[in-house]
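Close look at the chain arrangement
What follows is the residue order along each chain.
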Amino acid sequence: MIELRRISKTFHKHDERVDAVRDINLTIAQKEIIAVIGPSGCGKSTLLNMIAGLYMPTKGAVVYKGKHVTDVNTDVGYMTQKDNLLPWRTVQDNIAFPLELAGVSRSERIERAAEAIKHVGLDGFERRYPHELSGGMRKRACLARMLLYGAETALLDEPFAALDAQLKLAMHDLLLRLAAEAGQTVMLVTHDLMEAVTLADRVFVCTRRPATIAFEQRIGLARPRDVLNVRFTNEFKHLYDALWERLRLEYQEDRV
Amino acid sequence: MTAPEARTVPAEAASDAPAAAPARREYGGFMLACQVVLGVIILLLWQGASGRLIDDFFISNPVDVAERLYQWIADGSLFLHIWATVYETLMGFIVGAVGGVILGIWLGVSPFTNRLLNPYLNALNALPKVALAPLFVLWFGLGIASKIALAAVLVLFLVFLNTYAGVREVDQDLIDSARLMRATRAQLVAKVIIPSAMSWVFAGLKISVPYALIGAVLGEMIAANRGLGYLVQFSGSQFDSAGVFAVLMVIALLSVVLNFLVELVQHRMQLWRIVGR
């Protein structure tokens, strides 16, 4: 469904050449949940930006459902690392924004936004402005907005980094439930190995910049997963330890 | 009493509250009394110096000025002149503001037109707009239209430059995220670019209000038969220094009132505060 064909991305800042991504080759199937982990600043976000069509690869091609991505890819919902809520709109109006753009009537917008707000636990904050919310609340508002947009593919760039442990679990559960319901394909960038193993079907580990795929780990845990209890199973522990071991080796190589 | 006041001060300072406001709160009525006393002292010094230290012909004196003001108020002519100036200022402001906002948004969102017109707009902007006054008199005659045109052209460039800067400053991430949500070009302009540029537009509108007054008064000084600019020019040509001072006071008062109105509107605009941070 999503194919990255040997894509590389080079930025030119002043006279400096920055290779963000080099020769990444991967295919993501429909309804698959992919987690990408790697050191910060390695070019993971650049990868998502290319799938979203915000950046064009310097070399190679991004193919989405058989079509080359040459412009903004409106089939994806993209939750960026920086929350980009509109500062002059209330939470409710921000979350309903994609519906407003699609020409949905006001009463229906409010109704559907209310449901999404409840899902992410922001009820009571409908009329607040983004600057009145905490970082974690803004992230959840972004998530609710993405859910309402209802894209077939969700790109998430460290979506739960600012949340506390309990809330993180609740959001993991919500994400898995809704993705399964809607048959969504999900690609998630994260720092959190636990999160990656809990959510993903496959985990890709990136090298330091320029990002390439160091290795891939299939996570064969049964679905639907209980996000809390799955981590106490032996299967989870084995996968987690194996990944951790390989990550450690990866880091060691980097230090040499 | 002081506790709630103390709490409101930082919040006000964070927004666009006038710089004088905290000082006024700090000293309360005492400061106001001092300010009145200072005003009275200045008037007394002026009255005392006039005719003794400096020739009455140059600086007139408060009593004569007050007499002249009373005379103009009594025969109603002052209000005619004030109304002419206020009308030109407001009309010039409205015309210039609407034109500036439209031009700023249009050029902000169309790079081709922007590049095309750029050198011409730069040249026009560099031109002292006041020099256009004779042209406006030729085009629009001696009536109020030429003054409105002069005020409007001063306002237009200020508002245009601010609006344009605001449109160019729009966060690209906001635009990207709206485009990913299938926003059309018209929706981008209406729902992202314009609201985002609003604080810049308001800032432009605010700073251009005094310029509208300048344009109106200057236009009247060049060629007119009514208005405060005409009156100050006429009094000067009659060597009537009391009249000149009287009009200057009225103009100062008018601009204070205008600024006060701007502050009032600004405080009513919740939007300004939210976007302006």
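Residues numbered from 1 in each chain as written. Chains lettered and ligands numbered in written order. Predicted model: local features only at pLDDT ≥ 70, side-chain atom pairs only at ≥ 80, totals over all residues.

As for the overall build of chain A
Put simply, the rule is: For the purposes of this entry, the term helix denotes a DSSP run of H or I that reaches at least four residues, the term strand denotes a run of E that reaches at least two, and both are numbered from the N terminus. The atom set for the radius of gyration is the C-alpha atoms, and the globule formula is 2.2 Å times the number of residues raised to the power 0.38. Put plainly, a residue is buried at 20 or more neighbouring C-beta atoms within 10 Å of its own, exposed at 12 or fewer, and partly exposed in between, counting only other residues' C-beta atoms, which are placed from the backbone. Our contact criterion uses C-beta atoms placed from the backbone: two residues qualify when those atoms are within 7 Å.
Of regular secondary structure, chain A possesses 8 helices and 10 strands. Relative to its length of 256 residues, chain A is compact, with a C-alpha radius of gyration of 19 Å against a globular reference of 18 Å. Each principal axis of the C-alpha atoms in chain A carries an extent, and together these give about 55 × 50 × 35 Å. Across the 256 residues in chain A, those meeting the buried criterion constitute 41%. The contacts in chain A between residues at least 6 apart in sequence include a share of 70% that link residues at least 24 apart.

Topic: the overall build of chain B
Looking only at helices and strands, chain B features 14 helices and 0 strands. Helices and strands in chain B line up, N terminus first, as α-α-α-α-α-α-α-α-α-α-α-α-α-α. The buried share of chain B, taken over its 277 residues, is 33%. Pairs at least 24 apart in sequence give 72% of the contacts found in chain B among residues at least 6 apart.

Some words on the domain arrangement of chain A
The accessible area lost on association of the parts is a frequent measure of interface size. Residues and elements named next belong to chain A. Our working definition: Those domain boundaries reflect an automatic or database domain assignment. Classification convention: Asp, Glu, Lys, Arg as charged; Ala, Val, Leu, Ile, Met, Phe, Trp, Tyr, Cys, Pro as nonpolar; all other residues, Gly among them, as polar.
Splitting chain A by domain gives domain 1 (2-75 + 154-255) and domain 2 (85-150). On a C-alpha basis, the centroid separation for the pair domain 1 and domain 2 is 25 Å. The interface of domain 1 with domain 2 comprises 10 residues on the first partner and 9 residues on the second. The leading source of residues in the side of domain 1 that touches domain 2 is helix H6 (residues 165-182), at 6 residues. Among the residues making up the side of domain 1 that touches domain 2, the classes are represented as 10 nonpolar, no polar and no charged.

A word on helix H11 (residues 185-222) of chain B
Definition in use: One less than the residue count of a helix, multiplied by 1.5 Å, gives the span that helix is expected to have. The angle between axes fitted to the seven residues ending at a residue and the seven residues starting there is what we call the bend at that residue.
Taking 1.5 Å of rise per residue, the 38 residues of H11 of chain B would be expected to cover 56 Å, yet its terminal C-alpha atoms sit only 46 Å apart, more than 12% below that figure. Met198 of chain B marks the point of greatest bend in H11 of chain B, at about 45 degrees.

What about the nonpolar core?
Counted only if it meets this: By definition, a nonpolar core groups buried Ala, Val, Leu, Ile, Met, Phe, Trp, Tyr and Cys residues that connect through C-beta atoms lying within 7 Å of each other.
Ile34, Ile51, Ile95, Ala144 and Leu155 of chain A together with Val155 of chain B are the most contacted members of the largest nonpolar core, which totals 127 residues. Examining the composition of this core, we find that 16 residues originate from one element, helix H9 (residues 144-168) of chain B, more than from any other.

With respect to the interface of chain A and chain B
Taken together, the contacts link 19 residues of chain A with 16 residues of chain B. Going through the elements one at a time, strand S6 (76-79) and helix H3 (97-101) of chain A are the ones with two or more residues in the side of chain A that touches chain B. Per-class residue counts for the side of chain A that touches chain B are 14 nonpolar, 4 polar and 1 charged.

Comments concerning the packing of helix H10 (residues 172-180) of chain B against H11 of chain B
Residues and elements named next belong to chain B. Here is the rule: Throughout, an axis means a line fitted to C-alpha atoms (over the contacting stretch in the case of helices), and angles, computed between N-to-C directions, take values from 0 to 180 degrees. For this classification, under 35 degrees means roughly parallel, over 145 means roughly antiparallel, 65 to 115 means roughly perpendicular, and everything else is oblique. Left-handed describes a crossing whose near helix is turned anticlockwise from the far helix by less than a right angle; the clockwise case is right-handed.
Interaxial distance between H10 and H11 falls to 11 Å at its minimum, and their mutual angle equals 165 degrees. One element, H10, and the other, H11, form an angle in the roughly antiparallel class. H10 and H11 meet at a crossing whose hand is right-handed. Between H10, through Leu174, Ile175, Ala178 and Arg179, and H11, the contact on the second element is made entirely by Leu188, Val192 and Ser196. In the contact of H10 with H11, the residues fall into 5 nonpolar, 1 polar and 1 charged.

With respect to the environment of Val62 of chain A
All names here are of chain A. Along the polypeptide, Val62 turns up in strand S4 (residues 59-64). The exposure class of Val62 is buried, given the 23 C-beta atoms found within 10 Å. Sequence separation between Val62 and Ile37 is 25 residues, and the spatial gap between their C-alpha atoms is 20 Å. Look past the residues within four positions of Val62 in its chain and what remains in contact with it is Leu4, Ile7, Met50, Ile51, Pro57 and Val69.

A short note on the environment of Gln92 of chain A
Residues and elements named next belong to chain A. Of note, Gln92 is situated in helix H2 (residues 91-95). Overall, Gln92 belongs to the buried group, with 21 C-beta atoms counted inside 10 Å. Not counting the four nearest positions on each side in its chain, Gln92 is found in contact with Ile110, Ala113, Ile117, Glu126 and Arg127.

A word on the sheet that holds strand S3 (residues 33-37) of chain A
All names here are of chain A. Quick reminder of the rule: Pairing between two strands requires that DSSP report at least two bridges joining them.
On the basis of which strands lie adjacent, the open sheet formed by 6 strands has the order S6-S7-S8-S3-S9-S10 and mixed pairing. The sheet is open, and its two borders are formed by S6 and strand S10 (213-218), each paired with just one other strand. Between one strand and the next, the sheet's axes are offset by a mean angle of 15 degrees, whatever the strand orientation. Two strands pair when backbone bridges link them, and strand S9 (residues 202-206) and S10 are joined in this way by 5 bridges, in the antiparallel orientation. When the sheet's bridge partners are listed, Cys206 is paired in S10 with Ile213.

What to know about unusual backbone geometry
Here the residue pair Arg223 of chain A and Pro224 of chain A is connected by a cis peptide bond, since its omega of -5 degrees sits within 30 degrees of zero. Take Pro224 of chain A: it is sitting in the loop between S10 and helix H8 (234-255). A positive phi angle, close to 55 degrees, is found at His14 of chain A, a residue other than glycine. Position of His14 of chain A among the secondary structure elements: in the loop between strand S1 (2-13) and strand S2 (16-28). Phi is positive for Ser60 of chain B, which is not a glycine, with a value near 50 degrees. Tracing the chain through its elements places Ser60 of chain B in the loop between helix H4 (56-59) and helix H5 (62-74).

Things to note about the pairing of strand S7 (residues 153-157) of chain A
All names here are of chain A. Formally: Here a crossover is taken to be right-handed if, once the strands point away from the viewer, the path from the first strand over the helix to the second is traced clockwise.
When you tally the buried positions in S7, you get 5 out of 5 residues, the bulk of the element. The alternating pattern of S7 places Thr153, Leu155 and Asp157 on one face and Ala154 and Leu156 on the opposite face, and all of these are buried. Of the pairings in the sheet, the one linking S6 to S7 comprises 4 bridges and is parallel in character. In the strand pairing of S7, Met79 is matched with Leu156. Both S7 and strand S8 (residues 185-190) contribute to a ladder of 5 bridges, which runs parallel. When the sheet's bridge partners are listed, Leu156 is paired in S8 with Leu188. Note that the unit made of S7, H6 and S8 has a crossover that is right-handed.

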